[in-house]
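Observations on the three-dimensional arrangement
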Amino acid sequence: MKNILLYPKLDKLIGTPNPYILNFQTALAKNHHIVNEKAPNRGVLSLFLYFFPTQIFILNWIEFLPEKRFGKVQVLGFLCATLFMRLFRKKIIWILHNKGSHHKGINSMTSFMFRVLMKRSHKIITHSYSGLEFVKSNYSAYSSKVEVIPHPVGGFFPQKPGKEKPYDFLIWGTIFPYKGIDKFLKYVKEQPLARDYRILLVGKCFNLEYKKHLESLLSDNITFEDKLYDLEKIAEFSAMSKFTLFTYNSKTVISSGALIDSIRMGTVIIGPNHGAFKDLSHYSFIKTYNSFVDIFEIYEEDPPDETQEDKERKEFFEENNWEVFIQKLEKIF
């Protein structure tokens, strides 16, 4: 049993139903002591509050500290903490989720944090081979630290056979410009053959200007639910749709929690041909595209073999559930 600090410590991720941290904490706690399990979120301060009992620091998204409130102060605190970790021989495991900031791209402060974490982490975990390629291309001296472990998956949502599918494509999740939804809707609006497809867009858009832009691209066949729903409700929408579609066009994406949750919903997924989508494209329930025209060609293909899909989903779960993920992580410990 190890004493582990899991960062960030969040009881609820605001603005998204992504359960990654909560699932991570639950799975880790079965065999290890999470020193900050019952503590409120204290940000970087928690690295100091629980410093001495902690043997291993597992860090998620900490490279984006500069974007947070009092970002420069938090970065300074983090640098001090990593120096003490080295002095007291604490272990740092960094989960590399993205190649850069989805919202601010590659900038000097984020690049600085990447360099620090590459140097001071003992191991770097990434959920896609594109993460390994990113490190090899940009931080080759540290590529030996990288371990690729697929994003862990939770249990499947209940399936309701025979349910009608009034929608052709479901696009879901909190809406940000980096997801490229506006570009896809613009393509649909401009292509006569694409206008007849029924699209359900579900997710809260907090950027009012971007929301207005999206609304200007809507047509009679596009339904926009500007709301936050839990994953159980999203699963219901998924059952009403022939495909779940991801329109990500950001170069910063490595893996996607929404992709993994969509697998749990039993849907056929269409996503861009990079990152985790590319890694998993050998499964019959994952389709990838290089351009938007490919999406509609995939739609018109022969219906997939549902029995084969279900078999592959079960295999995927058996090989990549949270228990298996922790077992792989323990070997790295």
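Residues numbered from 1 in each chain as written. Predicted model: local features only at pLDDT ≥ 70, side-chain atom pairs only at ≥ 80, totals over all residues. Heavy atoms only, no water.

A short note on the sheet that holds strand 11 (residues 268–272)
- Within the open sheet, the six strands sit side by side as 9-8-7-10-11-12. Their pairing is parallel. In this open sheet, the two strands that pair with only one neighbour each are strand 9 (222–225) and strand 12 (286–289). The sheet shows a mean angle of 25° between the axes of neighbouring strands, taken without regard to direction. (Pairing = 2+ DSSP bridges. Helix = DSSP H or I, 4+ residues; strand = E, 2+ residues; numbered from the N terminus. Axes fitted to C-alpha atoms, helices over the stretch in contact; angles between N-to-C directions.)

Quick notes on helix 3 (residues 71–87)
- Taking 1.5 Å of rise per residue, 17 residues should cover 24 Å, and helix 3 covers 24 Å from first to last C-alpha, within 8% of that figure.
- Within helix 3, the full set of buried residues consists of Gly-71, Gln-74, Val-75, Gly-77, Phe-78, Leu-79, Ala-81, Thr-82 and Met-85.
- In this structure, the buried side of helix 3 is in contact with helix 2 (45–49), strand 3 (56–60), strand 4 (91–96) and helix 4 (108–120). (Expected span 1.5 Å × (residues − 1). Buried < 20%, exposed > 50% of the residue type's maximum accessible area, 1.4 Å probe, protein only. Contact = heavy atoms within 4.5 Å.)

What about the packing of aromatic side chains?
- Evaluation of the coordinates by the stated rule reveals 37 aromatic pairs.
- An angle of 85° between the planes, with centres 5.0 Å apart, marks the rings of Tyr-197 and Tyr-299 as edge-to-face. Taken together, the residues span a long stretch of sequence, with Tyr-197 in the loop between helix 6 (181–190) and strand 8 (199–202) and Tyr-299 in helix 11 (residues 292–299) at a distance of 102 residues.
- Ring geometry for Phe-285 and Phe-316: centres 6.5 Å apart, planes at 80°, overall edge-to-face. A residue pair is termed long-range when its members are at least 10 positions apart, and Phe-285 in the loop between helix 10 (275–279) and strand 12 and Phe-316 in helix 12 (residues 306–320) qualify at 31 residues.
- For Phe-285, a relative accessible area of 0% puts it in the buried group.
- By relative accessible area, Phe-316 is classed as buried at 1%.
- Through a chain of ring-to-ring contacts, the aromatic side chains of Phe-169, Phe-184, Tyr-187, Tyr-197, Phe-243, Tyr-289, Phe-292, Phe-296 and Tyr-299 assemble into a single cluster.
- Its end group placed over the ring of Phe-51, Lys-90 keeps NZ or CZ at 5.2 Å from the ring centre.
- We note Lys-233 situated over the ring of Phe-237; from NZ or CZ to the ring centre the distance is 5.3 Å. (Phe/Tyr/Trp six-rings, centres within 6.5 Å; stacked < 30°, edge-to-face > 60°. Lys NZ or Arg CZ within 6 Å of the ring centre and 35° of its normal.)

Things to note about the pattern of salt bridges
- Enumeration according to the criterion identifies ten salt bridges in this entry.
- The shortest N-O distance in the salt bridge between Glu-147 and Lys-123 comes to 3.4 Å. With Glu-147 in strand 6 (residues 146–148) and Lys-123 in strand 5 (residues 123–126), this residue pair connects regions lying 24 residues apart in the sequence.
- Across the salt bridge formed by Arg-264 and Asp-261, the nearest N and O atoms sit 2.9 Å from each other. Here Arg-264 and its partner Asp-261 are both found in helix 9 (residues 257–264), three residues apart, which amounts to about one turn of the helix.
- For Asp-261, a relative accessible area of 7% corresponds to the buried category.
- A cluster of three or more residues bridged by salt bridges with shared partners is formed by Lys-204, Lys-211 and Asp-226. (Salt bridge = Lys/Arg side-chain N within 4 Å of Asp/Glu carboxyl O.)

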